[in-house]
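Here is how the chains run, residue by residue.
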Amino acid sequence: MPKAHIVGTGSSVPRRVLTNFDLETIVDTSDKWITRRTGIVERRICSSAEKEGTADLGAQAALKAMEMAGIAPKDLDMIVVGTVTPDRQFPAAACMIQNQLKAENAFAFDISAGCSGFLYGLSLVNDTIRVGSCKNALVIGAERLSSITNWTDRGTCVLLADGAGAVVVSADTKKGGILSSHIQSDGSLWELLYSSYGNSFVPEILSGLDTKPFYLKMEGNRLFKRAVEYLTAIAEKALKENSLSCEDVALLVPHQANIRIIQAVAKNLNISMEKVFTNVEKYGNTSSASIPIALDEANRQGLLKKDDYLLLIAFGAGLTWASSMIRWSI
Ligand code: COA
């Protein structure tokens, strides 16, 4: 039976840097508050002056992952994009990316699973490869959260950012690769994080509204507690399924939402922060893109060695949460 191996990683973030000091001029906040409460120092935001949409960022990240993997566009047979901010409601960002890559042999679609979108995609690709229906896949997390950010709401605008990350996953019978995937959701808690309108929920009269109807809304405090609880639980599930302990894990790459969430999860798991990859200080919360961006940085910094156990954990709107245990095989 073939196994699914990550064979290349890539990422792409907008050039424009928005610092906490820049935000001080937009809303009633301070660099001190944002750094202390979130760990975020700066983030990347798409510029309307440049050609930077969700699909553009996703395609750039994909090209870098494909270059590392030595995979040509025609070799791809599946493209999955985790996103809550596709450039258009339809077609899928994945199809726009397929077009940019000229990956004519692939089928392509998006997954909407909040910040867990990338791990949901990885889980699906893992299953598809294992049953022999796919040889080479792209899993991408790509977001332009700035397009749904309420820039007058200091409770959310300091957190959100834009970016994309990608991995190429290939079938191979060699040992290692993706060992387990867990994906979970609880729709009863959807109101903790959502966009107000969209699709069938379009207000009857749009004119006269002084705020964009599709802004992201969040109950930060309640979400924080659920994030810590569910991320801990899904990490423990992955460890148990693979008969591993935190000692065995070389690197934990969690969703980058808030350094305090990450530290609390590390404490619960009794895993040293030295083994936890973080870059939330540079990029903020890029939703689906945060794990593949972090994974690409960790990989390019040489933090992953062949046969290392790597644990990825995500949490997001839905609510959704997910994990993937990987034996690194590059
Ligand atoms: N600057 C300054 N003050 C701010 C602020 C900002 N950007 N945002 C909120 N505040 C204020 C609040 O108004 C509140 O003031 P009050 O005490 O006078 O009412 C105070 O800070 C505390 O607010 P609170 O929401 O309790 O802070 P917190 O410690 O929970 O931190 C978050 C807020 C949003 C950083 C935190 O709840 C969080 O990270 N939640 C999870 C968010 C998340 O990860 N979402 C995505 C999940 S994938």
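Residues numbered from 1 in each chain as written. Predicted model: local features only at pLDDT ≥ 70, side-chain atom pairs only at ≥ 80, totals over all residues. Heavy atoms only, no water.

If you look the protein up in an unreviewed UniProt entry, it shows as Beta-ketoacyl-[acyl-carrier-protein] synthase III from uncultured Desulfobacterium sp. The record held by UniProt for the protein lists under Sequence similarities (unreviewed entry) the comment "Belongs to the thiolase-like superfamily. FabH family." According to the UniProt record, the Subunit (unreviewed entry) comment for the protein is "Homodimer." (UniProt positions renumbered as here; feature names shortened; annotations may be inferred.)

A.B. asks: Describe the packing of aromatic side chains, naming the residues involved and giving the relevant values.
C.D. replies: Considering all chains together, one arrives at 4 aromatic pairs under this definition. On the numbers, 4.0 Å between centres and 25° between planes, the contact of Y230 with W321 is stacked. One end of the pair, Y230, is in helix α7 (residues 220-241); the other, W321, is in strand β13 (residues 320-327), and 91 residues separate them in sequence. Taken as a pair, Y230 and W321 share a single burial class, namely buried. One aromatic cluster is present, formed by Y230, F315 and W321 through successive ring pairs. (Phe/Tyr/Trp six-rings, centres within 6.5 Å; stacked < 30°, edge-to-face > 60°. Helix = DSSP H or I, 4+ residues; strand = E, 2+ residues; numbered from the N terminus. Buried < 20%, exposed > 50% of the residue type's maximum accessible area, 1.4 Å probe, protein only.)

A.B. asks: Please give an account of the nonpolar core that cites residues and values.
C.D. replies: Proteins that are soluble and globular tend to have nonpolar side chains buried together. In terms of nonpolar packing, the biggest core is built from 46 residues, with L311, I313, F315, L319 and M325 touching the most fellow members. Elements with a minimum of two residues in this core: α7, β11 (249-254), α8 (259-269), β12 (309-316) and β13. Take this core: its biggest share by element is 9 residues, from α7. In contact with L311, not counting residues within four places along its chain, are A235, A238, V249, L251, L252, V253, S323, S324 and M325. Among the nonpolar cores identified, the runner-up in size contains 32 residues, and L119, F277, L295 and A322 belong to it. (Core = buried A, V, L, I, M, F, W, Y, C linked by side-chain atoms within 4.5 Å. Contact = heavy atoms within 4.5 Å.)

A.B. asks: Go over the sheet that holds strand β5 (residues 107-111) with me, naming the residues and quoting the values.
C.D. replies: Pairing in this open sheet of 5 strands is mixed, and the strands run β1-β7-β6-β4-β5 from one edge to the other. The open sheet has two edge strands, β1 (3-12) and β5, and neither has a second partner. Taken over all neighbouring pairs, the strand axes of this sheet differ in orientation by 20° on average, direction set aside. Two strands pair when backbone bridges link them, and β1 and strand β7 (residues 162-172) are joined in this way by 9 bridges, in the antiparallel orientation. By the bridge assignment, S11 is partnered in β7 with G165. Strand contacts of helix α3 (residues 54-69): β1, β6 (136-144) and β7, with the helix running at about 125° to β1, the strand carrying the most contacts. (Pairing = 2+ DSSP bridges. Axes fitted to C-alpha atoms, helices over the stretch in contact; angles between N-to-C directions.)

A.B. asks: Outline the environment of V41, supporting the account with residue identities and numerical values.
C.D. replies: In this structure, V41 sits in the loop between α2 (31-38) and β3 (42-44). Taking relative accessible area as the criterion, V41 reaches 36% and is therefore assigned partly exposed. Expressed as a C-alpha distance, the spacing of V41 and I259, which sit 218 residues apart in the sequence, is 11 Å. The contacts of V41, once residues within four sequence positions are left out, are T19, N20, T35 and E281.

A.B. asks: How would you explain helix α4 (residues 93-101) if you had to name every residue and give the values?
C.D. replies: Listing the buried residues of α4 in full gives A93, A94, I97, Q98 and L101. Each buried residue of α4 sits inside an arc of 140° when the element is viewed along its axis, so together they form one side. Those residues of α4 that are buried are in contact with α3, β4 (78-82), β5 and β6. Backbone geometry just downstream of α4 places K102 in the positive-phi region, at approximately 60°. (Arc of directions from axis to C-beta.)

A.B. asks: Before we move on, could you go through the sheet that holds strand β8 (residues 177-185) and cite the residues and values that matter?
C.D. replies: The strand order across the open sheet formed by 4 strands is β8-β13-β12-β11, and the pairing between neighbours is mixed. Each of the sheet's edge strands pairs with one partner strand only, and the pair in question is β8 and β11. Ignoring which end each strand starts from, the neighbouring axes of this sheet average 10° apart. Pairing analysis gives 8 bridges linking β12 to β13, with the strands arranged antiparallel. Bridged to L310 within β13 is I326. Along the sheet, helix α5 (residues 117-130) makes contact with β8, β12 and β13, crossing β8 at roughly 130°. The sheet strands contacting α7 are β8, β11, β12 and β13, and the helix crosses β12 at an angle near 150°.

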